[in-house]
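# Structure at a glance
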Amino acid sequence: MHFPLEEGETVAKSKILKNIEEVMLARNPAQVEKVFSKLDAGSLAPEEILGAMTAGMEKARSQLKEGKCSIPEFLLCIDAFRRGVGQLKKANAQVAAKKDAVVIGVVEGDVHDMGKNIVVGVLEASGYRVIDLGKDVPRDRFLESLEETKASLLALSTMMSTPLENMRDVIEWVRRLHPGVRILVGGAPLDERLARSIGADGYAEGAADVPGEVERVLARLARPVDIPVASG
Amino acid sequence: MPPLGSLPEPLLDAVAGISSARGRWTSLTAIERVLTTFRHKEPDRVPATPILGAGARQIKGIPFPDFATKAEKAADAYCSGFEFVGGDLVVLLWDLSVEAADFGQKVIYPENSTAMCDYNDPVVKEVGDYRKVKPIDFSQTVRMQEFVKLCRIMVKRLGLRTVIGGFVFGPLGVLSMMRGAERLFRDCVLYPKEVRKACEAITRTLIEFVQAQCETGVSALAIDSLYASRNGLAKQLWEEIEGPFVREIAREIKKNGVSVAVHNCGHDLYFDAQIRSMEPDAISFAHLPDDCRTPKELKERYGDQVTLIGYIPTPLLVTGTPQEVMTACREQIDVLARDGGYILAPGCEYPPNIPLTNAFSIMKAAEKYG
């Protein structure tokens, strides 16, 4: 794959990859197609392109964490990443996620899904296979999905305090039926202590913290641990 | 409490000074207490409010949908909450869908939760729809008129015993209910002119809404500007898009002699930008602002500019023991209450479905440590 920006010009591979990385941060997803349209199959491996996209998203995530990128801007970065993935798929490139599967959704009783959607974008850009169940998701749908996908992690979200009981209920049932699954929670009414009190393994205050917290709770999965099982 | 803005500043300071002096040997009324702290003088004790809204419906078993749509039922809930738990300030807040509902947004009224907009069926479906948002005939609104009725009833029933505060969601917030926050956020970056156009139209109606609330005799009115925080827009973009409109709303409230409060439960909220835009008398907050790392810094930087209302965390109210909540209250009182200008309160509405135990803890802490 080469990158003929100008006819006859040989552009260093690193510069091409830098362009791809930068377009992830450009806050203008429409530019992605333009950049990809100039890529020529053959000189760049899809993994390299995806790697550059991921590097761009990693920078965006750092900026979000540091307050240098706002949530609206970060949403546009996610859009750019997804468009890039779409372009790769269009070129029949293999872009399958390499990390664990994560089932995610907003618990029943809540329809606010922006936070969850941002986390989905962050996880996808970090290489996880994400099964997004959407919003207002009943408990049984989570349980079915864990059964179907054999995911290692369940991520639950709510922006309201009223569905916290539903969140607790989902966690209790996952403990009973899928004791090996790790559970991460997030959302406005939660903090670390409340997350622990309803039985979650991890809590992420913001989307930028999610990959680190996922790694932490999955690392616990890799070694024998006592898994609290709800009674009753 | 009389409309503070209608009285000359020196008179208010004199009244507050007398109240502060009286407060050293006798209990003040809730109204005196709030007036004194609003003038940045120390009352007999820190004023407190549990911001009990839908949580108070538990006392009389009023269903959520009735609370959210019927002024009489809501007033019963608020009054029973006040009689049961107390409060130097009663903030009338239904939910964030009130204004959007009257702009045609479909709203879901669950039996066991707060009313919320149906984002699967937004009024603003595409960018071109922003320009179709027009001011509405306020006399024909349903939920806003009902909310005004609630203000009127509450002022009549409790207006001499506590401070009654009204509420309005800022135009960008209303628009987020009609578009979905995620789509709106993208549009704010990509199509700011379109978003501003819709905000402008919504603001025309919101001005009538706040005028009507002010006419009921409420003493203060809170503008919710949630997106002036890191949960929302970048500071400069917020000031460009919503800032001018909340300024208009705040001016209208002040013109009516009513105190302006800002409510913003976002993370790293922009105290500076909101003060620039609205020049509020008070800010109710759940988290520290973006330019302060500690509550001490917050008090030093903003304590003489606005009355601080907050900021007991919602999760603590859900999981904390009464003693833990009281300890948190004491810590905040110790840092924020010096020289007045502070009202002890949760960072946001008291969680509607939890027991009222920790609402009592807040009031008890004010009495014991305030």
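Because the structure is predicted, anything quoted here is derived from the model rather than measured.

## Points about the overall build of chain B
Secondary structure assignment for chain B yields 17 helices and 9 strands. Its C-alpha atoms give chain B a radius of gyration of 19 Å, within 12% of the compact-globule value 21 Å for 370 residues. Overall, the C-alpha framework of chain B stretches about 65 × 45 × 40 Å when taken along its three principal axes. For chain B, the proportion of its 370 residues judged to be buried stands at 63%. Here the analysis covers contacts within chain B between residues at least 6 apart in sequence; of these, 73% occur between residues at least 24 apart. Of the accessible surface of chain B, which amounts to about 13,700 Å², a share of 52% is contributed by carbon and sulfur atoms. The distance from the centre of the 43 positive side-chain charges to the centre of the 47 negative ones in chain B is 1 Å.

## Section: the sheet that holds strand S8 (residues 307–312) of chain B
All names here are of chain B. Strand order in the open sheet made by the 7 strands is S1-S4-S5-S6-S7-S8-S9, with parallel pairing throughout. Both edges of this open sheet fall to strand S1 (89–91) and strand S9 (342–346), since each of them pairs with a single strand only. Across the sheet, the mean angle from the axis of one strand to that of its neighbour is 25°, orientation sign disregarded. Where strand S6 (residues 259–264) lies against strand S7 (residues 282–285), 4 bridges are found, and the strand directions are parallel. When the bridges of S7 are listed, Val262 appears paired with Ile283. Packed on one face of the sheet, helix H10 (residues 192–215) meets strand S4 (163–169) and strand S5 (220–224) and runs near 170° to S4. Across the sheet, helix H12 (residues 243–255) is in contact with S4, S5 and S6; its angle to S5 comes to roughly 175°.

## Focus on the interface of chain B and chain A
On the chain A side, the residues contacting the 30 residues of chain B number 30 residues. For the pair chain B and chain A, the summed buried surface comes to about 2,300 Å²; carbon and sulfur atoms form 64% of the total. When the area that chain B buries against chain A is broken down by residue, the three leading residues are Glu182, Arg186 and Arg230 of chain B, summing to 24%. In this structure, Glu324 of chain B and Arg193 of chain A form a salt bridge, with 2.7 Å as the shortest nitrogen-oxygen distance. Connecting chain B to chain A are 8 residue pairs in polar contact (both at pLDDT 80 or more). Counting only elements with at least two residues in the side of chain B that touches chain A, the list comes to strand S3 (116–117), helix H9 (181–190) and helix H15 (314–319) of chain B. Residues belonging to the side of chain B that touches chain A are distributed by class as follows: 15 nonpolar, 11 polar and 4 charged.

## Quick word on the state of the cysteines
Residue and element names in this part refer to chain B. Applying the stated criterion across every chain, the model contains 0 disulfides over all chains. Looking at Cys199, it has no disulfide partner, and the nearest cysteine sulfur is the one in Cys188, 7.1 Å off. Here Cys348 is not disulfide-linked; the sulfur of Cys265 is the nearest cysteine sulfur, at 3.6 Å. A relative accessible area of 22% places Cys348 in the partly exposed class.

## As for the confidence of the model for chain A
Residue and element names in this part refer to chain A. Averaged over all residues, the pLDDT of chain A equals 88, while 89% of them reach at least 70. In the predicted structure, residues 1–5 sits below a pLDDT of 50 and forms 22 contacts with residues beyond four places in sequence or in another chain. Below a pLDDT of 50 lies the segment residues 223–232, which in the model reaches 13 contacts outside its immediate sequence neighbourhood of four places, other chains included.

## Thoughts on the nonpolar core
General note: in soluble globular proteins, nonpolar side chains tend to be found buried as a group. Leu150, Met154, Leu172 and Leu344 of chain B are the most contacted members of the largest nonpolar core, which has 186 residues in total. When residues in this core are grouped by element, the largest group, 11 residues, is from H10 of chain B. Both domain 1 (13–90) and domain 2 (101–221) of chain A contribute no fewer than three residues apiece to this core. In contact with Leu344 of chain B, not counting residues within four places along its chain, are Val46, Pro47, Ala48, Thr49, Gly310, Ile312, Cys329, Ile333, Ile362, Ala365 and Ala366 of chain B. Counting 26 residues, the second-largest nonpolar core is a separate cluster that includes Ala101, Val107, Ile131 and Ile171 of chain A.

## Overview of the environment of Asp272 of chain B
Residues and elements named next belong to chain B. Mapped onto the fold, Asp272 is located in helix H13 (residues 271–278). C-alpha separation for the pair Asp272 and Leu298, spaced 26 residues apart in sequence, amounts to 11 Å. Those residues in contact with Asp272 that lie beyond four places of it in its chain are Lys235, Asp290, Asp291 and Tyr302. A polar atom in the side chain of Asp272 sits 2.8 Å from the side chain of Lys235.

Rules behind the numbers
- Residues numbered from 1 in each chain as written.
- Chains lettered and ligands numbered in written order.
- Predicted model: local features only at pLDDT ≥ 70, side-chain atom pairs only at ≥ 80, totals over all residues.
- Heavy atoms only, no water.
- Helix = DSSP H or I, 4+ residues; strand = E, 2+ residues; numbered from the N terminus.
- Rg over C-alpha atoms; globule rule 2.2 N^0.38 Å.
- Buried < 20%, exposed > 50% of the residue type's maximum accessible area, 1.4 Å probe, protein only.
- Contact = heavy atoms within 4.5 Å.
- Areas by Shrake-Rupley, 256 points an atom, 1.4 Å probe, with all protein chains shown as cover.
- Lys, Arg positive; Asp, Glu negative; His and termini not counted.
- Charge placed at Lys NZ, Arg CZ, Asp CG, Glu CD.
- Pairing = 2+ DSSP bridges.
- Axes fitted to C-alpha atoms, helices over the stretch in contact; angles between N-to-C directions.
- Buried area = accessible area lost by both parts, 1.4 Å probe.
- Salt bridge = Lys/Arg side-chain N within 4 Å of Asp/Glu carboxyl O.
- Polar contact = N/O pair within 3.5 Å; in protein donor to acceptor, adjacent residues only side chain to side chain.
- Nonpolar A, V, L, I, M, F, W, Y, C, P; charged D, E, K, R; others polar.
- Disulfide = S-S within 2.5 Å.
- pLDDT = per-residue confidence, 0-100.
- Core = buried A, V, L, I, M, F, W, Y, C linked by side-chain atoms within 4.5 Å.
- Domains from an automatic or database assignment.

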